[in-house]
Amino acid sequence: METHSQRNASLEGTRAKFYDFLDQYIQPEADQAESSRQTAATADSSQGIPCYVSQLQRMKDSEKTTLYVQWEHLVDYDLELAQFIQDYYHHLEPYLRKALQNLVRTHIEAYSVNEGDQSEKEFWVAFYNLANLDKLRNLRTEQIGKLRGFSGTVTRTKSKFIDWQKVKVQEKSDEESDSNSGAANIRAHEDATEEEVYLSYTEDQQTELDQMKANAQIYKDITKSISPQVYGHDDVKRAVLLMLFGGVHKETKEGINLRGDINVAIVGDPSCGKSQILKYVSSFLPRAVYTSGKSSSAAGLTASVVKDADSNEFCIEAGALMLADNGICCIDEFDKMDVKDQVAIHEAMEQQTISIAKAGIQASLNARTSILAAANPLGGRYDKSKPIKYNVALPPAILSRFDLMHVMIDEPEDDMDIQIATHIVKVHQRQERAFNVPYTMAQVQRYIRYARSIRPQISAQAKDALVSSYIQLRAGDAVGGAVYRITVRQLEALVRLSEAHARIRCSAVIEPRDVREAKRLVKSSIIAVETTEQEVDDEDFIQDSAEVTDFVKAHRGSEMPPAATEPQGAEMMDVDEPSTSARAVRSQGASNLLGAQEPEPESSVAAQGEAAAIAEPQQRQGTKVSQKKVDQVKTLFVQRLREVEAAGDAAGSSAEPSQAGLPQKDLLSWYFDKMVESHQYHSVEELSQDYVLVCKIVHHLIKRDNVLIVLSTPSRSDEESIQDFARRQQQERILAVNPNYSLE
């Protein structure tokens, strides 16, 4: 065991050796002048003057007390001495300073003491360019007291150095943890080429990567490998997969950044596995942050300004989005966030920056992250009769910033319930062995890392497909039914998703099939989910085949092909139409619309009564129409009638009250002109069927829902029959919006 005297002798011996190094070392000419600080240490080496002796004079001229020593010089001079200093730096540091003090006293004696009291001046030794740098997360307690170098980003430091200095450091964005080796960090090594990433893998991994690239079903197989503990929900997993691959980041000539990160929102009933998917993604990447919206504030998500306890100065503390820079921020319970906290992430979701202007601090901080959010619907259950915007408590400004928004609904279904229950029991029984997935997490991570080195370019065919897809989505938005307005943000979302899908194929060119898949995902996410059917009340509805034929001829588009045969009766409808007996009932219904009736022969009345008795069950069935279709027609008609009403008020019209609305035939003409113009029909048959259906919906809005009211009806001429007048009355009656109705 080493005695105290032996230890002191060892320390003194190290001091002497270090003194000799500073006094004698001359750097080789080939290694000179690498940097400004290194130049200060080596400027006179070529003249035979030891580099650290020459640095003393510059220390004196600049009134500095720190000597900078390049670690490579010490290793080159005496490897054993360098290793001893590195392992026992805490004990040797005072002796190294003493050696420097002796060096100054030898060469510049006047500078070794303070001018006033002639006391010995303190000098310090600073080593730089250590051979091996540790990662922050690899620093352990057994390394305390040793001379170590580490890499990181300095977030805060004290402005003055007295006898100690406090520095706050965080991990560099391009570092990966050992536990997530090969993880596909978002924009990690963005400038790396395909060849560089490929060569960074082992030979076995390269063979495995080549097999995955050759797999024609790679998109399907990787989707199955994403979050295998959650059964089903393939479209949601596809959205998460495309988010992991990401789009291509671009920068315009003006320096404006176009984000390539994809934001995804998942809205669904409780117990559908939303949090499981978020937890999977947060463990998939090293720079992924998981947080809950209920317990997160605006400052916690973005950044906060706090007062430093040591210096009493204000400084910036990073929030979740800053910590997830170059990664993914998973926000659970997104709908539980306060509105003021949701507004705080507007900038981060689109511009990918966080602007701070508080306590005299003005800064723009990077938040280059994808956002994966999960939210529960209002009331705890998703209402399929309403679009997403009425099911979640999120403002339109937030909704439009998500590239994809998918819905997960928990509905009782025997076959599906059996499969889900079996899957969950297997998970509890076998844990990881319950998953039979094509690829492991490590394989998917390596594949994503390689694919992200590809920067797909938009081909001419893909450009046309993108423009066409955007126009079609806009047309669908114009006729209602969308979750939110289709804007250029959705066009950019199509571009990003197409790029991500091309990366899955490891293709350098975006093809139309990539655009088609992107459009499918966007359309399935922004359009309301399948809605329930509603029975339309058409008890007194009058249908005239000749009227339908004339209307279709007048409104069909120029490019719409004519029907092979003229539409007749039930052939124009999407439901079975009652036969002759039911038409007799409708004739009776037509007379019921009139009030006063003409007397008819008893035989005719008896026949009608018999027909009514036969057809009564069919009347009660009505027509089944999707709730989405009813809402679309109702919304457009209400908006049109209110526009007409507002235009009349603005003009100060003194028209009769009966002219405040629109005749039903004019309202229908406006609607179908709009539909034909937006290419909603591909044949005359489709137009004919929809005309009959919309007429029934109008009848239902008047009779059952009381959304529309009849302001006036035309008068009957003397020579006009009851049936003809009933048909004309149905088309020429003046309609308006019920004053008590409020459109959501």
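A quick note: this is a predicted structure, and the numbers were derived from the prediction, not measured. All residue numbers refer to positions counted from 1 along the written sequence of the respective chain. For this predicted model, a pLDDT threshold of at least 70 governs which residues receive local features, and a threshold of 80 or more governs which side-chain atom pairs are given and counted, while totals over whole chains, interfaces and linings are taken from all residues. Processing note: side-chain calculations cover all non-hydrogen atoms of the structure and skip hydrogens and water entirely.

### Section: helix H6 (residues 89–107)
Elements are defined by DSSP. Helices are runs of H or I of four residues or more, strands are runs of E of two residues or more, and each kind is numbered from the N terminus. A helix is expected to span 1.5 Å for every residue after the first. With 19 residues, H6 should reach 27 Å at 1.5 Å per residue; the first-to-last C-alpha distance of 26 Å fits that figure. Regarding H6, the residues found buried are Tyr-89, Leu-92, Glu-93, Leu-96, Arg-97, Ala-99, Leu-100, Gln-101, Asn-102, Leu-103 and Val-104. Type-normalised accessible area, obtained with a 1.4 Å probe on protein chains alone, sets the label of each residue: buried when under 20%, exposed when over 50%, and partly exposed for intermediate values.

### Observations concerning the side chain of Asp-269
Here Asp-269 is to be found in the loop between strand S9 (264–268) and helix H11 (274–284). Among the residues examined, Asp-269 registers a relative accessible area of 1% and is labelled buried. Side-chain atoms alone can form a polar contact between residues adjacent in sequence; in general such a contact is a pair of N or O atoms within 3.5 Å, and within protein one must be able to donate a hydrogen while the other accepts it. Polar side-chain contacts of Asp-269 include one of 2.8 Å to the backbone nitrogen of Tyr-382. Discounting residues that sit within four places of it in the chain, Asp-269 has contacts with Lys-274, Asn-376, Pro-377, Gly-380, Arg-381, Tyr-382, Met-408, Ile-409 and Asp-410. Contacts between residues were defined by any pair of non-hydrogen atoms, one from each residue, lying within 4.5 Å.

### Details of the pattern of salt bridges
The salt bridge definition used is simple: a Lys or Arg side-chain nitrogen within 4 Å of an Asp or Glu carboxyl oxygen. Counted according to the given criterion, the structure contains 27 salt bridges. Taking the shortest distance from any N to any O, the salt bridge between Asp-269 and Arg-381 comes out at 4.0 Å. Of this pair, Asp-269 sits in the loop between S9 and H11 while Arg-381 sits in the loop between strand S16 (370–375) and helix H16 (396–399), and the two are 112 residues apart along the sequence. Here Arg-381 falls in the partly exposed class, since its relative accessible area comes to 44%. With a closest N to O distance of 3.0 Å, Glu-517 and Arg-520 form a salt bridge. Placement of both Glu-517 and Arg-520 in helix H21 (residues 512–526) is noted, with a separation of three residues, approximately one turn of the helix. Among the charged side chains, a network of salt bridges with common partners joins Arg-259, Glu-350, Asp-403, Arg-489 and Arg-496.

### Quick word on the packing of helix H8 (residues 203–214) against helix H18 (residues 441–451)
Every axis corresponds to a line fitted to the C-alpha atoms, with the helix fit spanning only the stretch in contact, and the corresponding angles, defined between N-to-C directions, vary from 0 to 180 degrees. Look at H8 against H18: their axes get within 10 Å of each other, and the N-to-C directions meet at 75 degrees. By the angle between their axes, H8 is roughly perpendicular relative to H18. Between H8 and H18, the contacting residues are Gln-205, Glu-208, Leu-209, Met-212 and Lys-213 on the first element and Gln-443, Arg-446, Tyr-447 and Tyr-450 on the second. Classifying every residue of the contact of H8 with H18 by side-chain character gives four nonpolar, two polar and three charged. For this classification, under 35 degrees means roughly parallel, over 145 means roughly antiparallel, 65 to 115 means roughly perpendicular, and everything else is oblique. The classification used treats Ala, Val, Leu, Ile, Met, Phe, Trp, Tyr, Cys and Pro as nonpolar, Asp, Glu, Lys and Arg as charged, and all other residues, Gly among them, as polar.

### Structural notes on the packing of aromatic side chains
Here is the rule: rings of Phe, Tyr and Trp (six-membered ring for Trp) pair when centre to centre is within 6.5 Å. Planes less than 30 degrees apart are stacked, more than 60 are edge-to-face, and the remainder are tilted. Within this structure, the stated rule accounts for 17 aromatic pairs. For the pair Trp-71 and Phe-127, a centre-to-centre distance of 5.4 Å together with 85 degrees between the ring planes defines the contact as edge-to-face. Pair noted here: Trp-71 is in helix H4 (residues 71–77) and Phe-127 is in strand S2 (residues 124–128), with a separation of 56 residues, a long-range link. For the pair shown, Trp-71 and Phe-127 are each scored as buried. Between Phe-637 and Tyr-671 the ring centres are 5.4 Å apart and the planes differ by 80 degrees, which places this aromatic pair in the edge-to-face class.

### Here's the deal with a negative patch on the surface
Like-charged residues are merged into a patch within 9 Å and nonpolar side chains (Val, Leu, Ile, Met, Phe, Trp, Tyr) within 5 Å, provided each residue has over 30% relative accessible area and no salt bridge. A 1.4 Å probe and the Shrake-Rupley method give the accessible areas. Residues count as covered only by the protein chains that appear here. Positive residues here are Lys and Arg, negative ones are Asp and Glu, while His and the chain termini are left out of the count. To locate a charge, the coordinates of NZ of Lys, CZ of Arg, CG of Asp or CD of Glu are taken. There is a patch of like negative charges on the surface, built from Glu-413, Asp-414, Asp-415 and Asp-417. Residue Asp-415 is classed as exposed on the basis of its relative accessible area, which comes to 54%.

### Side note on the sheet that holds strand S22 (residues 662–663)
Pairs of strands are assigned from DSSP output, requiring at least two bridges between the strands. The strand order S22-S24-S23 describes an open sheet built from three strands, whose pairing is antiparallel. Since the sheet does not close on itself, it has two edges, and those belong to S22 and strand S23 (708–712), each with one partner. The sheet contact formed by S22 and strand S24 (residues 734–737) spans two bridges and is antiparallel. When the bridges of S24 are listed, Leu-662 appears paired with Leu-735. On top of the sheet, helix H27 (residues 684–703) reaches S23 and S24; it is set at about 85 degrees to S23, its chief contact.

### As for a nonpolar patch on the surface
A cluster of nonpolar side chains, namely Tyr-231, Met-416, Ile-420 and Ile-424, defines an oily patch on the protein surface of about 300 Å² accessible area. Among the secondary structure elements, Met-416 is positioned in helix H17 (residues 414–430). On the accessibility criterion, Met-416 (35% relative accessible area) is partly exposed.

### What about the nonpolar core?
Grouped together as the largest cluster of nonpolar side chains are 60 residues, with contacts concentrated most on Leu-244, Phe-245, Val-281 and Leu-372. Ranked by the residues each element gives to this core, the list is headed by helix H10 (residues 234–245), at eight residues. In plain words, nonpolar cores are sets of buried Ala, Val, Leu, Ile, Met, Phe, Trp, Tyr and Cys residues tied together by side-chain atoms within 4.5 Å. Counting residues in each nonpolar core, the second largest holds 36 residues, with Val-630, Leu-668, Val-684 and Cys-695 among its members.

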